[in-house]
Amino acid sequence: SIRERALQTYEMIRKRNTFLANYDAKLDEVLKIVRENEDKHILIISKFSEFAAKITQFINDMSEREICGNYHDRVDNVPASTVDGTPIYIKSGPQKGERRMFAAKDQKTLNEQRFNLGYINVLSTNNSPNKELCIPIDIIIITSPLCEEIESYIYRLSNVEYPSGIIKLYTLYIKDSIEEKRVLSKTI
C-alpha cells in the first residue's frame, strides 16, 4: 500500500512538473522576446523536446518566414533540402527520383548550417543540447527553471561563441509554482 501511494505521488509530481515546463502560455512570451530581438542570434532551451518542437512550430507559424529550427532528436522525418531550400532527390536505386528524407541528425546539421549562414536566427533545443553545436549566440531563453543552470550549458556548449562577450539570458516561469521557487532560490 505504501509503495503504491509513493508511486502515485511520484507520478503526480512528474506530471505537474511536465505541465509547468510545457505550459502553452510560455509560447507567447517566447515569441515576444524573439520579435523584440529579430536581429539577434537566439538559442531557446526547453526541458522537454516535445515543447522545443512546439516552440519551433509556433514561432514559424507566427512569422512571415521560417526563422526557427529544431535542434533535438524528437522530430519527425522531413523532406530533405539543401541549406538554401533546394529539394534533394534520391539519385539511384529502386527509389530513384523520390524525395530523400532527413531524420533528426540530418535536421540538426542542416539547421545549424542554416543558423550559421543567416537563413534562420533561432534554434530550439531540449535540456541537453548536442555538445558539438557550434554557433554564435546573443540571447539564451530558458523556458523553465526546471532546466539545468546556465553555467552547465556554457560548459556543455564549449563550441558556442558569444560575439558581444555578453549573454542576455531570459528564464520563463509560472508564478506561484515550483518554478518560481526554483528561480528565487538560484544564486546569481
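Details of the structure are given in the entry above.
Right, let's walk through the structure included here. (Residues numbered from 1 in each chain as written. Predicted model: local features only at pLDDT ≥ 70, side-chain atom pairs only at ≥ 80, totals over all residues. Heavy atoms only, no water.)

1. What to know about the overall build of the protein
Helices and strands together make up the secondary structure of the protein, namely six helices and seven strands. Ordered by position in the sequence, the α and β elements of the protein form the string α-α-β-α-β-β-β-α-β-β-α-β-α. Its C-alpha atoms give the protein principal-axis dimensions of roughly 60 × 50 × 30 Å. In the protein, buried positions account for 39% of the 188 residues. Considering only intrachain contacts with a sequence separation of at least 6, the fraction spanning at least 24 residues in the protein is 71%. Of the roughly 11,600 Å² of accessible surface on the protein, a fraction of 51% belongs to carbon and sulfur atoms. Considering the protein, the positive charge centre built from 27 side chains and the negative charge centre built from 27 side chains are found 5 Å apart. (Helix = DSSP H or I, 4+ residues; strand = E, 2+ residues; numbered from the N terminus. Buried < 20%, exposed > 50% of the residue type's maximum accessible area, 1.4 Å probe, protein only. Contact = heavy atoms within 4.5 Å. Areas by Shrake-Rupley, 256 points an atom, 1.4 Å probe, with all protein chains shown as cover. Lys, Arg positive; Asp, Glu negative; His and termini not counted. Charge placed at Lys NZ, Arg CZ, Asp CG, Glu CD.)

2. Considerations on the side chain of N126
Along the chain, N126 falls in the loop between β5 (122-125) and β6 (139-142). Here S49 takes part through its side chain, which lies 2.9 Å from a polar atom of the side chain of N126. Other than its neighbours up to four places away in sequence, N126 contacts I45, S46, F48, S49, A52, Y71 and H72. (Polar contact = N/O pair within 3.5 Å; in protein donor to acceptor, adjacent residues only side chain to side chain.)

3. Side note on helix α3 (residues 49-61)
Counted at 1.5 Å a residue, the expected span for α3 with its 13 residues is 18 Å, and the 18 Å between its end C-alpha atoms agrees. The set of residues buried in α3 consists of S49, F51, A52, I55, T56, F58, I59 and N60. Where the residues of α3 are buried, they touch α1 (2-21), α2 (25-36), β1 (42-45), β2 (68-71) and β5. (Expected span 1.5 Å × (residues − 1).)

4. Remarks on the nonpolar core
Ranked by size, the top nonpolar core spans 17 residues in total, and within it V30, V34, I44, I59 and I141 carry the most contacts. Per-element tally for this core: the top contributor is α2, with five residues. Ignoring sequence-local partners within four residues, the contact set of I44 consists of V30, V34, I55, I59, V122, L123, S124, T125, I141 and T143. Among the nonpolar cores identified, the runner-up in size contains 16 residues, and F115, L133, I137 and I140 belong to it. (Core = buried A, V, L, I, M, F, W, Y, C linked by side-chain atoms within 4.5 Å.)

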